[in-house]
Amino acid sequence: MRSIDDNLQAVRQRIERAAQAAGRDPGGVTLVAVSKTHPAPLMAEARAAGQRAFGENYLQEAVEKMDHLRDASLEWHLVGPLQSNKTRAVAARFDWVHSVDSEKLARRLSQARQDAQPPLNVLIQVNVSGEASKSGVAPGAVPALAAAVAALPRLKLRGLMAIPEPGAGAGRYRALKALFDALVPLGADTLSVGMSDDMELAIAEGSTMLRVGTAIFGARVRKPEAVACAGGPRGAAKARA
Ligand SMILES: *Cc1c(COP(=O)(O)O)cnc(C)c1O
């Protein structure tokens, strides 16, 4: 079996090759290791291999791992759906939230973020695939929500997150990049798109942040309480069907 260290090296190589092929600096692509359903000791292996940014989908699971790893040098990203009754804990414990899709959620996060903390980094989740996913705002709603987030005192608008449907063509990624470019005057610098299966395409089309789980940690074993989201949008679609 390959180790987490081997997997991380392979992913970094994929990033380097894809960036080179696109004429981009590999340093302009941040790797978030999505560790949902995987135990803290595996995350510690990734940390030992130099990984600092981790993505989680479930608040309770994430908090347990934060308390277990106790490492201020780690950066925690909430990449899963955000419920409004969790905003206080999320604002207290995470460094980034990728799934803001309403002004109400943004306002609650800003109110809950403490003055002693740096502003919470926020990405607006865009639903670029229509009905294939229920999370995220429609592309047309992005500019107004981005302006609202940028105006909130304890949030920092960083950009956009999206999960193109499996097999989506380059056009989807280009439309996302165009939406993102329009936010650069508001201070946006991060386009979070690309997972284990579409990293190369995402990098070719301008992604600056990848969220990679399977290629680093291996296949996820589904936990009963996590079934609806454990497989990402595909799992959610199946659970609803
Ligand atoms: C699980 C998940 C990922 C990682 O997906 P892989 O295909 O395992 O790389 C990325 N983003 C989100 C939002 C996820 O829920």
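These figures come from a predicted structure and were not determined experimentally. (Residues numbered from 1 in each chain as written. Predicted model: local features only at pLDDT ≥ 70, side-chain atom pairs only at ≥ 80, totals over all residues. Heavy atoms only, no water.)

(A) Quick peek at the overall build of the protein. Within the protein one finds 11 helices and 8 strands. Principal-axis analysis of the C-alpha atoms gives the protein an extent of 50 × 40 × 40 Å. Looking at the protein as a whole, 50% of its 241 residues qualify as buried. For the protein, the proportion of contacts with a sequence separation of at least 24, taken over those separated by at least 6, is 58%. Surface accessibility of the protein: about 11,000 Å² in total, with carbon and sulfur atoms responsible for 52%. Distance from the positive charge centre (31 side chains) to the negative charge centre (24 side chains) of the protein: 4 Å. (Helix = DSSP H or I, 4+ residues; strand = E, 2+ residues; numbered from the N terminus. Buried < 20%, exposed > 50% of the residue type's maximum accessible area, 1.4 Å probe, protein only. Contact = heavy atoms within 4.5 Å. Areas by Shrake-Rupley, 256 points an atom, 1.4 Å probe, with all protein chains shown as cover. Lys, Arg positive; Asp, Glu negative; His and termini not counted. Charge placed at Lys NZ, Arg CZ, Asp CG, Glu CD.)

(B) Local environment of the pattern of salt bridges. Applying the stated criterion to the full structure yields 10 salt bridges. With its nearest N and O atoms 2.8 Å apart, the salt bridge here joins Arg 14 to Glu 200. Residue Arg 14 is found in helix 1 (residues 4–21), and its partner Glu 200 is found in helix 8 (residues 199–204); the two are separated by 186 residues along the sequence. With relative accessibility at 24%, the residue Arg 14 sits in the partly exposed group. Close ionic contact of Lys 177 with Asp 181 constitutes a salt bridge, the shortest N to O distance being 3.0 Å. In this pair, Lys 177 and Asp 181 are both assigned in helix 7 (residues 170–181), 4 residues apart and thus about one turn of the helix distant. Overall, the relative accessible area of 35% leaves Asp 181 in the partly exposed class. Through salt bridges that share partners, Glu 56, Glu 61 and Lys 65 make up one connected network. (Salt bridge = Lys/Arg side-chain N within 4 Å of Asp/Glu carboxyl O.)

These values are about where atoms sit, not about what they do.
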